[in-house]
Amino acid sequence: MFMKETREFLESLGYPLGDCYDLPTSSKRFPDGAQYRVEIPSVEGPRALQAVLEEAERLGVTIHRVSQGSGIMLLTDEEISDMCEMCANRGIELSLFVGPRGTWDISALPFTPSGKAAGLRHEGMDQLVYAIEDLKRAVKLGVRGALVADEGLLLLTKEMKQRGILPQNFVVKVSVQMMASNPVSIKLMEQLGADTYNVPTALTLPKLAAIRQAVDLPLDVYVEAPDGFGGFIRHYEIPEIIRILAPVYIKFGLRNHPDVYPSGKHLESVNIELCRERVRRAALGMRIIEQYNPEAVTSKLGAEGLGVPVVMENAGI
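Reading guide: rules and limits
Residues numbered from 1 in each chain as written. Predicted model: local features only at pLDDT ≥ 70, side-chain atom pairs only at ≥ 80, totals over all residues. Heavy atoms only, no water. Helix = DSSP H or I, 4+ residues; strand = E, 2+ residues; numbered from the N terminus. Rg over C-alpha atoms; globule rule 2.2 N^0.38 Å. Buried < 20%, exposed > 50% of the residue type's maximum accessible area, 1.4 Å probe, protein only. Contact = heavy atoms within 4.5 Å. Areas by Shrake-Rupley, 256 points an atom, 1.4 Å probe, with all protein chains shown as cover. Lys, Arg positive; Asp, Glu negative; His and termini not counted. Charge placed at Lys NZ, Arg CZ, Asp CG, Glu CD. Pairing = 2+ DSSP bridges. Right-handed = clockwise from strand over helix to strand, strands pointing away. Salt bridge = Lys/Arg side-chain N within 4 Å of Asp/Glu carboxyl O. Axes fitted to C-alpha atoms, helices over the stretch in contact; angles between N-to-C directions. Core = buried A, V, L, I, M, F, W, Y, C linked by side-chain atoms within 4.5 Å.

If you check an unreviewed UniProt entry, the protein chain appears there as U32 family peptidase from Geobacillus thermodenitrificans.

The structure is reproduced here in structure tokens:
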């Protein structure tokens, strides 16, 4: 075996010998026994969310999670409460990004060619304080899911759950911009407290299959990625992604769209149309599942493990 001693060392630690070119079928599942769920990202506010829900109903698409990228801090209490109510009434997870983060801060480093590796990480303790305050505000308004992109904040969310600052059922979703790309690194994210992990967009099926062998948490996979993440359209791979990576969130981004982060009223009409098109893309993806993997099992709305928000009067931990 090529590089036998090193591969056996990794195997002794519980990791794959290498990338899984045999593409083994995953026997892992969501708590309800499902293999896959559907996520629509970049749902920037209540009007965009309403557009997602309307389009999903029109096209007959089940959406299990909606996520937002501009951040908790850029939504008013009323907007967050409205989004919570809409998702709670339908059993859909609402995942809001922690507001203050690398590229929202005053440092130019994340925008430099060499400093891009800093990504959305938090610089200094004050930024972590702000991030925790953002999470606490969201919880009080009924949110039960958030995106993080910093290893330190991820560990702190684990501690916050243990101390009752965050509810035990709060879903911590690690952003694609964390960029851990191999089984060992993603296993570390699982140990730090990740409840789901968004893998980088350009990983091949053998690389993804190796990750699934090492971790149990659900993986979030872009099957259509925004241009900033490569613009890949992997719709025909969806049936295999479900088979190999279950439990998995099939995530429909959108190629060839303008950068709308941070969003707001000045971009709302654009956001609404982008959201409608993401749901249409999801409908196209569901057709491929029905044709090539009709036995694939999906979750019902409100299923165990979804970070479904609660309405404000019942938002206490």
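Draft legend 1. Broad picture of the overall build of the protein chain. If you tally the helices and strands in the protein chain, you get nine helices and eight strands. For a compact globule of 317 residues, the expected C-alpha radius of gyration is about 20 Å, and the protein chain comes in at 19 Å, within 12% of that figure. If one aligns the C-alpha atoms of the protein chain with their principal axes, the spans along those axes are about 60 × 45 × 40 Å. Relative to its full complement of 317 residues, the protein chain shows a buried share of 54%. The contacts of the protein chain with a sequence gap of at least 6 include a subset with a gap of at least 24, amounting to 76%. When the accessible area of the protein chain is evaluated, it comes to approximately 14100 Å², of which 54% is carbon and sulfur surface. Within the protein chain, one finds 34 positive and 41 negative side-chain charges whose respective centroids are separated by 2 Å.

Draft legend 2. Quick look at the pairing of strand 4 (residues 145-148). Neither face of strand 4 is open: one carries G145 and L147, the other A146 and V148, and all of them are buried. For strand 3 (residues 93-97) and strand 4, the ladder comprises two bridges, and the chain directions are parallel. Paired with L96 across the two strands is A146, which belongs to strand 4. With helix 4 (residues 124-140) bridging strand 3 and the parallel strand 4, this β-α-β connection has right-handed handedness. With four bridges joining them, strand 4 and strand 5 (residues 171-174) adopt parallel strand pairing. Among the inter-strand pairings, V148 is bridged to a residue of strand 5, identified as V174.

Draft legend 3. Structural view of the environment of A194. Position of A194 among the secondary structure elements: in the loop between helix 6 (183-192) and strand 6 (196-198). In sequence terms A194 and L267 are 73 residues apart; their C-alpha atoms lie 31 Å from each other. If we skip the residues at most four places from it in the chain, A194 touches L154, V172, V174, M189 and L217.

Draft legend 4. Region of interest: unusual backbone geometry. Residue P247 is reached from A246 by a cis peptide bond, and omega for that bond is 0 degrees. At the junction of Y261 and P262, the peptide bond is cis and its omega measures out at -15 degrees in the coordinates. Despite not being glycine, M3 shows a phi value in the positive range, around 55 degrees. On the basis of relative accessible area, M3 is assigned to the exposed category, the value being 51%. Even without a glycine there, the phi angle at S42 is positive, about 60 degrees. Tracing the backbone shows S42 in the loop between strand 1 (36-40) and helix 2 (46-59).

Draft legend 5. Region of interest: the pattern of salt bridges. This structure, assessed with the given rule, holds 24 salt bridges. The partner of E39 in a salt bridge is K173, with the nearest N and O atoms 3.3 Å apart. Here the residue E39 occupies a position in strand 1, and K173 occupies one in strand 5, the gap between them amounting to 134 residues. The exposure class of K173 is buried, given its relative accessible area of 0%.

Draft legend 6. Region of interest: the pairing of strand 3. The buried fraction of strand 3 amounts to five of the five residues, a majority that puts the element mostly inside the structure. Note: strand 2 (residues 65-68) against strand 3, four bridges, orientation parallel. When the sheet's bridge partners are listed, S67 is paired in strand 3 with S95. A crossover links strand 2 with its parallel partner strand 3, the connecting element being helix 3 (residues 77-88), and its sense is right-handed.

Draft legend 7. Inspection of the environment of L188 at higher detail. Its location among the elements puts L188 in helix 6. Sequence separation between L188 and Q127 is 61 residues, and the spatial gap between their C-alpha atoms is 23 Å.

Draft legend 8. Local environment of the side chain of S95. Of note, S95 is situated in strand 3. Dropping the residues within four chain positions of it, S95 is found in contact with V66, S67, Q68, G145, A146, L147 and K173.

Draft legend 9. Seen up close, the sheet that holds strand 1. Read around the closed barrel, the eight strands follow the order 1-2-3-4-5-6-7-8; overall the barrel is parallel. Here the average twist between neighbouring strands, direction ignored, is 30 degrees.

Draft legend 10. Molecular detail of the nonpolar core. Among the nonpolar cores identified, the biggest contains 76 residues, and Y36, I40, V66, Y197, I250 and F252 are the most heavily contacted of them. Looking at which element gives the most residues to this core, the answer is helix 7 (residues 205-214), with six residues. Beyond its immediate chain neighbours, meaning those up to four positions away, Y197 contacts V174, M178, M179, A180, I186, M189, L217, P218, L219 and D220. Judged by nonpolar contacts, the second largest core, of six residues, contains F30, A34, A303 and V308.

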